[in-house]
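# Close look at the chain arrangement
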Amino acid sequence: MTVELQVDEGWLTVCELSELVPGRGVAALLPDGSQAAVFLDRKGRPYAITNRDPFTGAYVLSRGLLGTAEGRTFVASPLLKQRFDLETGRCLDDEEVAVRTYPVRTAATSV
Amino acid sequence: MAAATPTPTPAIVLIGHGMVGQRYLEALAERGATATHRITVLCEEPRPAYDRVHLTSYFSGSTPEDLSMTPASFMEDHGITLHLDDPAETIDREARTVTSRSGRVFPYDVLVLATGSYPFVPPVPGKDAPGCFVYRTIEDLLAIEEYAKTRTSGAVVGGGLLGLEAAGALQGLGLATRIVEFAPRLMPAQVDEGGGAALLRTIQNMGLTVHTGVGTQEVVTGDDGSVTGMKLSDGSTVSTELVVFSAGVRPRDQLARESGLSVGERGGIAVDAHCRTSDPHVYAIGECALAADGRVYGLVAPGYEMAETAAEDLLGREKEFTGADLSTKLKLLGVDVASFGDAHGATAGSLDVVYSDSRSGVYKKVVVSSEGVLLGGVLVGDADSYGLLRPLTGSVPPVTPEQLVLPAGAGAPVALGPASLPDTAVICSCHNVTKKAITAHATVPEVKKCTKAGTGCGSCLKVIGQLMPPAADKGLCDCFAFTRAELYEIVRTLRVSSYQQLLDSHGREGARGGDGCELCKPTIGSIIASLAPTLGASGYVLDGEQAALQDTNDHFLANMQRNGSYSVVPRIPGGEITPDKLIVIGEVARDFGLYTKITGGQRIDLFGASVDQLPRIWARLVDAGFESGHAYGKALRTVKSCVGQTWCRYGVQDSVRMAIDLELRYRGLRAPHKLKSAVSGCARECAEAQSKDFGVIATASGWNLYVGGNGGATPRHADLLAQDLSDAELIRLIDRFLMFYIRTADRLERTSTWLERLEGGLGHLRDVVVHDSLGLCAELESLMADHVAHYRDEWAETLEDPERLRRFVSFVNAPGAPDPTVKFVPERDQVKPDLTILTLEPVGSLGGTR
Ligand code: SRM
Ligand SMILES: Cc1cc2nc3c(=O)[nH]c(=O)nc-3n(C[C@H](O)[C@H](O)[C@H](O)COP(=O)(O)OP(=O)(O)OC[C@H]3O[C@@H](n4cnc5c(N)ncnc54)[C@H](O)[C@@H]3O)c2cc1C
Ligand code: SF4
Ligand code: FES
């Protein structure tokens, strides 16, 4: 199985599903030079948001820890610990801030 | 009704939008009066009201926005019109209009003057030269900051409380700072002679130069007209490039004066007990007012009281302001200074009880009447008891006066807590809130919201916290209802070695089956790691499920910096290093382009490594016999040492060897918070062991062990746990101490706070770890033996495993590619993060909406 991300150019293969550790993330370089953070939760569901932490500008969200708050899966930024809902991109600690999310899916590995 | 209200919606004009002006608006809003009045505010400053009391915090990172006291939508929500940057210029009391600088005319039914005061600048030659400033507004601070950038020295005229604050700010800006005070002591208005002496010593120890008993006669200027020095009244001349005048404030009563309102002989707009001026349509409140008791109050609490009084009076309600308490507690230059009640012992027949310790700069005095009633006091250097003493003023305290001033631990223990205060005691003097009003609420945030207590100077917060019932939910986080110590016991006795298993079996109902959170994951990861050998779990922190639990730094085995790069801090046990190893560190830094800095912990930090460089850097270090150390992680950091007996003429033991032994023994030990240690070779204490979680000081016959010390934001001196220990006894005792701490402390609780909280305190700790009163020692020792036996070098181990190394790439889909956002720019012959890249919106504006 591979993990794929939808960008302007279509579905982009990011990595093998087995490369993702549940509860953690990885960063992916996108064709336009921007960066996405791709995560897997405990139930095996993938998520993708931008890798840029809007509070510090650093490209580090992929290195945050996942968690669940009121049934929603979030990632906590490793720098100043603000949490972002992985489905909507909304910041749970500051309602004025949100990050972009990307559609993401798993697909059978094409040879 | 105080003022005639001829029109259906009477117009209120408020002149001055400072702290008291804003409080007045809030008081009106709380009473619904904003709905029934048309309110216009004329504000001279370019920004709405802000917290002038905490002005100085601008220099420690608060932004002007942080200091703002006006919630964004306040004016709009209450239909108030605010004119910034447009001061009132004239008042026509006949026509009842105010004209502003921009020429606008505002009719009023009620006029409120809250114009505050202005800094008094003594009329000395040169006082207006470039380089002379006052200290009152955010604009003043911005100007000082700008001017100081290219200067190296500064002076403050005036050693009162504002002067000391200004001096602290100048020193913080990197200027060599002096204070010139006309009176024979610092803070003459607040403290007595003894307090002034304690303050002087402490301030001199901080590197400030203090001149007391001399006046400033002239500001000397150079060729370009800017400040170069000051001539003092003792004939001397001192050099300085910047002068801040802080010689007192004067009420801003000019507008009132010009419009024919009565003003006091020495200034201040005269008001009655309802804050009405000589014209019944006009009120004056705050620092510009001369209160009915004949005083001008230069503090914010009385101003707030006046704001409430004027608001009540407007609505025809009975409230009087007849004077206020001048108690203050301040932290000036890091020194606590407090005075309350009759601090100078002016009451006839009053008696003083004084405690003074010039070594530690502590001075405490209480003034009592012959009947034992507490009248007032002065506290310098240690003002912890202020929150209790001030409310007790006017009553006979439940303990003797000596007990009120003796430091904790000296003499008889003081059984005095907030519980002993009467219900009527005023706990928050800024907002005049009593103990009764506070204890009606269950949490500090609730108290702040409902009573405003604690939202002024904040000095009452400690006592408020002590008055709150213990939190009902002591749970670690939203996932677990257990404390860290309880979870430790669960993991240990049920031998749970999986976080998910623990979450599903012992988590809160709603959290089971979920992903947990960023608080409990690392905490439980740490508990499992410190019990790993006992649980039969892997000790390697990145194995299996453990990997997903670690904070980012532990996950990458290095410290993340602000631009997403990492720092590497090679372990240098005891601070001892060979020239060859020093050279290797230099070579590694040079080859990878890293910024190097000597840390505060006797190590060398290499900053600016990208994720993919980390393994290559470790490999070089491991080859040279280093291990990368923990500067991250809730684990042992460094064991500092002094050079000790081997070289130092005073040393009585080999402190370096002991420090190395301790560092190697406890490295890698996971704990509730980080652990620091130090070993000094004699009582001169060059290694600062008494500020460490466990500190060791050599004696002629062995070692003294101190525990529970802390530097950081809330420093604490360590307590002596045991004396004259042999090497083996010392190590055994530290083993027990550390394991007992790991077992019972809360998440992120350093040994200092843990020891303060521990029931029975040091005595209990000694019983448990020295006298084995709980029969735990054998187990504690064996846990530590397991730790030592199973220690592994996490970095070397990571290097050996290609699977593990795969994580160290910037991008999972482009393993060789460097992260283009991790860039550096030159600074002082090295590099620093290029932060401008991070401020750019990412390509295609894909980033956050911030
Ligand atoms: C590098 C260093 C500053 C320096 O350039 O000198 C430093 C840097 C950091 N310190 Fe420190 N501290 C450093 C010595 C100290 C000292 C001095 C000492 O150890 O003798 C103290 C006061 C002593 C103490 O801890 O009691 C100190 C008190 C703190 C605190 C406050 C702890 C407290 O209990 O109040 C924090 C915050 C925390 O840990 O929660 C902190 C946190 C940090 C963190 C980890 C902040 C962070 O999360 O990014 C910094 C990261 C280091 C890095 O990225 O490499 N640092 N820090 C020093 C590393 C020493 C070393 O070799 O390990
Ligand atoms: C650095 C510093 C530290 C302090 N620390 C403490 C402390 O720890 N504890 C304490 O109790 N107090 C402290 N104070 C004093 C406290 O700030 C004042 O008591 C408080 O601000 C008084 O409020 P106010 O509204 O009367 O005056 P201000 O806050 O000075 O507000 C008056 C406002 O009126 C404006 N104004 C004046 N004339 C006009 C006009 N004609 N038209 C329009 N606007 C006008 C002024 O520009 C100003 O904005 C400190 C003050 C300073 C400067
Ligand atoms: S603590 Fe004592 S032995 Fe160590 S360097 Fe200082 S004076 Fe010398
Ligand atoms: S005493 Fe100042 S906020 Fe309570």
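The structure presented is a predicted model; accordingly, all values stated were derived computationally and were not measured.

Now for the overall build of chain A. Within chain A, the secondary structure is distributed over zero helices and nine strands. Secondary structure elements in chain A, listed N-terminal to C-terminal, are β-β-β-β-β-β-β-β-β. For chain A, buried positions account for 58% of its 111 residues. Residue pairs in contact within chain A that sit at least 24 positions apart in sequence constitute 38% of those at least 6 positions apart. On chain A, roughly 4,600 Å² of surface is accessible, and the fraction owed to carbon and sulfur atoms is 47%.

Glancing now at helix α7 (residues 193-205) of chain B. Residues and elements named next belong to chain B. The end-to-end C-alpha separation of α7 is 18 Å, in line with the 18 Å expected for 13 residues at 1.5 Å each. Those residues of α7 that fall on the buried side of the exposure criterion are G195, G196, A198, L199, T202 and I203. Each buried residue of α7 sits inside an arc of 160 degrees when the element is viewed along its axis, so together they form one side. Of the residues in α7, the exposed ones pointing more than 90 degrees away from the buried face are E193 and N205. On its buried face, α7 sits against α6 (161-172), β11 (176-181), β12 (209-212), β22 (335-341), β24 (362-368) and β25 (374-380). Phi for G207, located one or two positions after α7, is positive at around 95 degrees.

Moving on to the interface of chain B and chain A. Facing 47 residues of chain B, the contacting portion of chain A comprises 48 residues. Between chain B and chain A we count three salt bridges in total. For the salt bridge of D504 of chain B with R42 of chain A, the shortest nitrogen-to-oxygen distance reads 2.4 Å. Those elements that provide at least two residues to the side of chain B that touches chain A are α16 (499-506), α17 (520-530), α19 (546-549), α20 (552-556) and α30 (836-839) of chain B. Counted by class, the side of chain B that touches chain A contains 20 nonpolar, 17 polar and 10 charged residues.

Turning our eyes to something else, we now look at the site of ligand 2. Residues and elements named next belong to chain B. Close contacts around ligand 2 come from 28 residues, with V20, E44, E45, R136 and V300 the closest. One of the backbone N or O atoms of A88 is found 2.9 Å from a nitrogen atom in ligand 2. For ligand 2, an oxygen atom lies 3.5 Å from a polar atom in the backbone of A114. Protein contacts shield 95% of the accessible area of ligand 2, which totals 990 Å² for the unbound molecule.

The subject of this paragraph is the site of ligand 3. If you check the shell around ligand 3, you find C642, V643, G644, C648, Y650, G651, G681, C682, R684, E685 and C686 of chain B and nothing else. Its residues assigned to classes, the shell around ligand 3 shows six nonpolar, three polar and two charged.

Our next topic: the confidence of the model for chain B. For chain B, the mean per-residue pLDDT works out to 89, and 96% of the residues sit at or above 70. Across residues 844-850 of chain B, where pLDDT falls below 50, the model places 21 contacts with residues more than four positions away in sequence or in other chains.

Here we take up the packing of helix α21 (residues 579-592) of chain B against helix α22 (residues 614-623) of chain B. All names here are of chain B. Between α21 and α22, the shortest axis-to-axis distance is 10 Å and the interhelical angle comes to 160 degrees. With respect to each other, α21 and α22 are oriented roughly antiparallel. Between α21 and α22 the crossing geometry is right-handed. Residues E587, V588, D591 and F592 of α21 pack against R616, I617, R620 and L621 of α22. A class-by-class count of the residues in the contact of α21 with α22 yields four nonpolar, no polar and four charged.

All names here are of chain B. Of the positions making up α22, those classed as buried are L614, P615, I617, W618 and L621. Buried residues of α22 fall within an arc of 155 degrees about the axis and therefore sit on the same side. At the exit of α22 stands G625, carrying a positive phi of roughly 90 degrees.

Let us now look at the sheet that holds strand β2 (residues 10-16) of chain A. Residue and element names in this part refer to chain A. A sheet is described by the order of its strands in space; here three strands give the open sequence β2-β1-β9, paired in antiparallel fashion. With one partner strand each, in any of the chains shown, β2 and β9 (104-107) form the two edges of the open sheet. Each adjacent strand pair in this sheet contributes to an overall mean axis angle of 35 degrees, direction not counted.

Right, let's get into the sheet that holds strand β7 (residues 110-113) of chain B. Adjacent strands of a sheet pair through backbone hydrogen bonds, lying either parallel or antiparallel. Residue and element names in this part refer to chain B. Pairing in this open sheet of five strands is parallel, and the strands run β3-β2-β1-β7-β19 from one edge to the other. The sheet is open, and its two edges are formed by β3 (80-83) and β19 (282-284), each paired on a single side. The sheet shows a mean angle of 15 degrees between the axes of neighbouring strands, taken without regard to direction. In this sheet, strand β2 (residues 38-42) lies alongside strand β1 (residues 11-15) in parallel orientation, the contact comprising five bridges. For I12, the partnering residue across the bridge sits in β2 and is I39. Strands in contact with helix α1 (residues 19-30) are β1, β2, β3 and β7; relative to β1, the strand with the most contacts, it is inclined by about 155 degrees.

The next thing to look at is the nonpolar core. All names here are of chain B. In terms of nonpolar packing, the biggest core is built from 64 residues, with F480, L662, F694, L705 and L765 touching the most fellow members. Top contributing element to this core by residue count: helix α24 (residues 727-744), with 10 residues. Excluding residues within four positions of it along the chain, F694 makes contact with L636, L662, Y666, K676, S677, A678, L705, Y706, V707, I734, F737 and L738.

Calculation rules
Residue numbers here run from 1 along each chain, matching the order of that chain's written sequence. As a convention, the first chain written is A and the first ligand written is 1, with the rest following in written order. Totals for whole chains, interfaces and linings use every residue, but because this is a predicted model, local features are given only for residues with pLDDT of at least 70 and side-chain atom pairs only at 80 or more, for both listing and counting. Think of the side-chain values as coming from all heavy atoms in the structure, minus any hydrogens and water. Where helices and strands are cited, they refer to DSSP runs of H or I of at least four residues and of E of at least two residues respectively, numbered from the N terminus. Buried, partly exposed and exposed residues are distinguished by accessible area as a fraction of the type maximum, computed with a 1.4 Å probe on protein chains only: under 20%, between the cut-offs, and over 50%, respectively. The contact criterion used is simple: two residues touch if any of their non-hydrogen atoms lie within 4.5 Å. Values of accessible area rely on a 1.4 Å probe in the Shrake-Rupley scheme; residue burial ignores everything except the protein chains shown. Take the residue count of a helix, subtract one, and multiply by 1.5 Å to get its expected span. Think of it as the arc spanned by the lines of direction from the helix axis to the C-beta atoms. A carboxyl oxygen of Asp or Glu within 4 Å of a side-chain nitrogen of Lys or Arg is what we treat as a salt bridge. As a working rule, the residues Ala, Val, Leu, Ile, Met, Phe, Trp, Tyr, Cys and Pro are called nonpolar, Asp, Glu, Lys and Arg charged, and the rest polar, with Gly in that last group. Whether a residue is near a molecule or strand depends on its heavy atoms: it is near if one of them lies within 4 Å of it. For this analysis, a polar contact is any N or O atom pair within 3.5 Å, provided that within protein one partner can donate a hydrogen and the other can accept it, and provided that sequence-adjacent residues contribute only side-chain to side-chain pairs. Every residue gets a pLDDT, meaning the predictor's confidence in that residue, from 0 to 100. Axis definition: a line fit to C-alpha positions, over the contact stretch in the case of helices; interaxial angles, taken between N-to-C directions, run 0 to 180 degrees. When describing relative orientation, an angle under 35 degrees is termed roughly parallel and one over 145 degrees roughly antiparallel, while 65 to 115 degrees is termed roughly perpendicular and anything else oblique. In this scheme the handedness of a crossing depends on how the near helix is turned from the far one: anticlockwise by less than a right angle means left-handed, clockwise means right-handed. If DSSP finds at least two bridges between two strands, the strands pair. The term nonpolar core refers to a set of buried residues drawn from Ala, Val, Leu, Ile, Met, Phe, Trp, Tyr and Cys, joined through side-chain atoms within 4.5 Å.

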